Amino acid sequence: MPELRASALVDAPVAAVAGALLETSLITGFGVKVPGALLCLGDVLTGPFGVKLTVTRADLSGVSAAGEFLELHTDLVVTGAGTMVVDRVSWATVGGVVGRFADVTVGRGMALRVLEKRSALLAERCRELSEARVVVGAAIVRGGRLLAQQRAYPESHAGQWELPGGRVEPEEKPEEALVRECVEELGVPVEVGAQVGPDVPLKKDMVLRIFAAELVGGEPEALEHNAVRWLTADELPSTDWLPADRVLVPALQQLLI
Ligand SMILES: Nc1nc2c([nH]c(=O)n2[C@H]2C[C@H](O)[C@@H](COP(=O)(O)OP(=O)(O)OP(=O)(O)O)O2)c(=O)[nH]1
């Protein structure tokens, strides 16, 4: 299989770059049809000439999509100067001299142009998102289950599930905001741990950042939501999450193993 590689250094933390990579707006400009605004594990992408690719990875290490004739991988490497974004494209070649000629003159040129444009879009989006308002969420685990809460409003999202949390106020650190939100929404104190998964873009100027958190007393209650529920790893994929949380399901499942 011919393979093409390209790499670029992006001046942003890996969680920010991994999150920006999930936005399907980075690839829809190249005639790729996508099921939603964010790439999720298992999504099927339809490219030019009806080529179908399934997303096989979408996490802090990068994204991959693979089909019968084509594979795309973007790997993220943390460096002292930012995040190295390494793209690899490989495709099945049509046999014979003509096929090999077309590979060199058409296939490689096209792939390289797409990668260069996508890389420029990614760097620009990371710059935009570095100014974005942060919404924090708590991944609270107890006895192998994750605490989720069910939204009561707005109508478009009522009944869907999310993690406890909310917007970080201008004078707050994300960890402080999470402690405040857990008291307001659940009536319990928590201790905040490490970030879980990428910074998921919510819209142009907002990102969702999840932290592992531990209950340090009390029993959580739904003070502002319809309900709270403790979910097993098996229940996470079939839960009706808000779209941004759906992206984080593989990372959240890892916390429950
Ligand atoms: N708390 C929380 N918010 C989330 C999650 N996933 C997700 O997309 N969000 C979105 C919903 C909201 O638009 C925003 C959080 O805003 P918020 O908690 O400060 O206020 P809110 O629910 O009243 O939101 P809004 O109606 O004003 O947009 O982040 C999640 O897991 N937890």
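What you see is a predicted model, and the numbers here were worked out from it, not measured in a lab.

Parameters at a glance
Residues numbered from 1 in each chain as written. Predicted model: local features only at pLDDT ≥ 70, side-chain atom pairs only at ≥ 80, totals over all residues. Helix = DSSP H or I, 4+ residues; strand = E, 2+ residues; numbered from the N terminus. Rg over C-alpha atoms; globule rule 2.2 N^0.38 Å. Buried ≥ 20, exposed ≤ 12 C-beta atoms within 10 Å, placed from the backbone. Contact = placed C-beta atoms within 7 Å. Core = buried A, V, L, I, M, F, W, Y, C linked by C-beta atoms within 7 Å. Domains from an automatic or database assignment. Pairing = 2+ DSSP bridges. Axes fitted to C-alpha atoms, helices over the stretch in contact; angles between N-to-C directions. Nonpolar A, V, L, I, M, F, W, Y, C, P; charged D, E, K, R; others polar.

**A look at the overall build of the protein chain**
Thought 1: Within the protein chain, the regular secondary structure consists of 6 helices and 13 strands.
Thought 2: Computed over the C-alpha atoms, the radius of gyration of the protein chain is 20 Å, within 12% of the 18 Å expected from 2.2 N^0.38 for a compact globule of 257 residues.
Thought 3: Expressed as lengths along the three principal axes of its C-alpha atoms, the size of the protein chain is roughly 70 × 35 × 35 Å.
Thought 4: Across the 257 residues of the protein chain, 30% fall into the buried class.
Thought 5: Expressed as a percentage of contacts within the protein chain between residues at least 6 apart in sequence, the contacts between residues at least 24 apart total 61%.

**Observations concerning the environment of Pro 2**
Thought 1: You can see Pro 2 is positioned in the segment before strand E1 (3-10).
Thought 2: Here Pro 2 falls in the partly exposed class, since 14 other C-beta atoms lie within 10 Å of it.
Thought 3: Spatially, the C-alpha atom of Pro 2 lies 26 Å from that of Leu 39, the residues being 37 residues apart in sequence.
Thought 4: Residues in contact with Pro 2, not counting those within four places in the same chain, are Ser 90, Trp 91, Thr 93, Asp 103 and Gly 107.

**Re helix H1 (residues 14-21)**
Thought 1: In terms of residue burial, H1 counts as a mostly covered element, since 8 of its 8 residues are buried.
Thought 2: Burial in H1 covers these residues: Val 14, Ala 15, Ala 16, Val 17, Ala 18, Gly 19, Ala 20 and Leu 21.

**Let's talk about the nonpolar core**
Thought 1: Counting 58 residues, the largest nonpolar core has Val 17, Cys 126, Ala 138, Ala 139, Val 200, Phe 211 and Ala 213 as the members making the most contacts within it.
Thought 2: Counting residues per element, this core draws most heavily on H1, at 7 residues.
Thought 3: Residue contributions to this core reach at least three from each of two domains, namely domain 1 (3-129) and domain 2 (133-256).
Thought 4: Ignoring any residue separated from it by four or fewer positions in sequence, one finds Cys 126 in contact with Val 10, Ala 12, Ala 16, Val 17 and Ala 20.

**Considerations on the environment of Ala 158**
Thought 1: Its location among the elements puts Ala 158 in the loop between strand E8 (145-150) and strand E9 (161-162).
Thought 2: Along the primary structure Ala 158 and Asn 226 are separated by 68 residues, whereas in three dimensions their C-alpha atoms are 8.7 Å apart.
Thought 3: Not counting chain neighbours up to four residues away, the residues in contact with Ala 158 comprise Arg 151, Ala 152 and Tyr 153.

**Focus on the sheet that holds strand E5 (residues 70-79)**
Thought 1: Taken together, 6 strands build an open sheet; the order of strands is E1-E6-E5-E4-E3-E2 and the sheet is antiparallel. Looking at strand neighbours, the two that pair on one side only are E1 and strand E2 (44-46), the edges of this open sheet. Within the sheet, the average angular offset between the axes of one strand and its neighbour, ignoring direction, is 20 degrees.
Thought 2: Bridge count between E5 and strand E6 (residues 82-91): 10 bridges; the pairing is antiparallel. Within E6, the residue paired with Thr 79 across the bridge is Gly 82.
Thought 3: Sheet strands touched by H1: E1, strand E3 (52-59), strand E4 (62-66), E5 and E6. Its angle to E5, the strand with the most contacts, is close to 160 degrees.

**Description of the environment of Ala 177**
Thought 1: When you line up the elements, Ala 177 lands in helix H4 (residues 174-186).
Thought 2: Between the alpha carbons of Ala 177 and Glu 224 there is a distance of 16 Å; along the sequence they are 47 residues apart.
Thought 3: If we ignore the near neighbours within four places in the chain, the residues touching Ala 177 are Val 136, Gly 166, Val 168, Glu 169 and Glu 172.

**Quick word on the domain arrangement of the protein chain**
Thought 1: Along its sequence, the protein chain is organised into domain 1 (3-129) and domain 2 (133-256).
Thought 2: Between the C-alpha centres of domain 1 and domain 2 the distance comes to 29 Å.
Thought 3: Facing 16 residues of domain 1, the contacting portion of domain 2 comprises 13 residues.
Thought 4: The set of elements that each furnish at least two residues to the side of domain 1 that touches domain 2 consists of H1 and E3.
Thought 5: A class-by-class count of the residues in the side of domain 1 that touches domain 2 yields 12 nonpolar, 2 polar and 2 charged.

**Digging into unusual backbone geometry**
Thought 1: Residue Pro 154 is reached from Tyr 153 by a cis peptide bond, and omega for that bond is -15 degrees.
Thought 2: Within the element layout of this structure, Pro 154 appears in the loop between E8 and E9.
Thought 3: Positive phi, normally seen in glycine, also occurs at Phe 49, with a value near 60 degrees.
Thought 4: Mapped onto the elements, Phe 49 comes out in the loop between E2 and E3.

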